[in-house]
Amino acid sequence: MVQDLKSTSARDSTSVCDLDQRHFPFEWPPIISRQKKILVLELGLISGADIKDTVWRILKQTIKNDLTKPVSWRGLNGKTAFQSLQLKSVVTEAVRRNPLCA
């Protein structure tokens, strides 16, 4: 690992493509987290009478019916597992922003 770092730092005159590949992992997480925060803030404005109503309203805004058919909570019978999707954490955080549900 140390030898790899020394060999890449010795090549400072690399092409732009190599430079982008070296910095790629450091650029994307802040962008994703920023977009997630914006999405949580926007979905957090949707409120309901209680937790169940708020979750239903948020999910109605994010997923349409034809996309929900191949999704289940655990992902049984070859369906996509909702519990492993990043959307689950977005919905959870958005519901917690609702003062009636927090």
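Our subject is the structure that appears above.
Fair warning: this is a prediction, and the values are worked out from it, not measured in the lab.

Asker: Just give me the short version of the packing of aromatic side chains, but keep the residues and values in it.
Answerer: All chains considered together, the criterion is met by one aromatic pair. Considering the side-chain rings of Trp73 and Phe82, the 5.9 Å spacing of their centres and the 40° angle between planes classify their relative orientation as tilted. Assessed through its relative accessible area of 47%, Trp73 is described here as partly exposed.

Asker: Quick one: what's the story with unusual backbone geometry, residue by residue and with numbers?
Answerer: Phi is positive for Asn77, close to 60°, though the residue is something other than glycine. Mapped onto the fold, Asn77 is located in the loop between β1 (71–72) and β2 (80–81). Owing to a relative accessible area of 78%, Asn77 belongs among the exposed residues under this scheme.

Asker: Could you give me a rundown of the packing of helix α3 (residues 51–62) against helix α5 (residues 86–97), with the residues and numbers involved?
Answerer: One can describe the packing of α3 onto α5 by two numbers: an axis separation of 10 Å at closest approach and a directional angle of 135°. On the basis of the axis angle, α3 is oblique to α5. As for the relative orientation of α3 and α5, their crossing is right-handed in sense. From α3, Ile51, Thr54, Val55, Ile58, Leu59 and Thr62 reach across to α5, where they touch Leu87, Val91, Ala94 and Val95. Here the residues of the contact of α3 with α5 sort into eight nonpolar, two polar and no charged.

Asker: Go over the nonpolar core with me, naming the residues and quoting the values.
Answerer: Within the largest apolar cluster, eight residues are counted, these being Val40, Leu43, Ile58, Val90, Val91, Ala94, Val95 and Cys101. Those elements giving two or more residues to this core turn out to be α2 (16–44) and α5. With four residues, the top contributor of residues to this core is α5. Setting aside residues no more than four positions away along its own chain, Val91 makes contact with Ile58 and Leu59.

About the cut-offs
Residues numbered from 1 in each chain as written. Predicted model: local features only at pLDDT ≥ 70, side-chain atom pairs only at ≥ 80, totals over all residues. Heavy atoms only, no water. Phe/Tyr/Trp six-rings, centres within 6.5 Å; stacked < 30°, edge-to-face > 60°. Buried < 20%, exposed > 50% of the residue type's maximum accessible area, 1.4 Å probe, protein only. Helix = DSSP H or I, 4+ residues; strand = E, 2+ residues; numbered from the N terminus. Axes fitted to C-alpha atoms, helices over the stretch in contact; angles between N-to-C directions. Parallel < 35°, antiparallel > 145°, perpendicular 65-115°, else oblique. Left-handed = near helix turned anticlockwise from the far one by under 90°. Contact = heavy atoms within 4.5 Å. Nonpolar A, V, L, I, M, F, W, Y, C, P; charged D, E, K, R; others polar. Core = buried A, V, L, I, M, F, W, Y, C linked by side-chain atoms within 4.5 Å.

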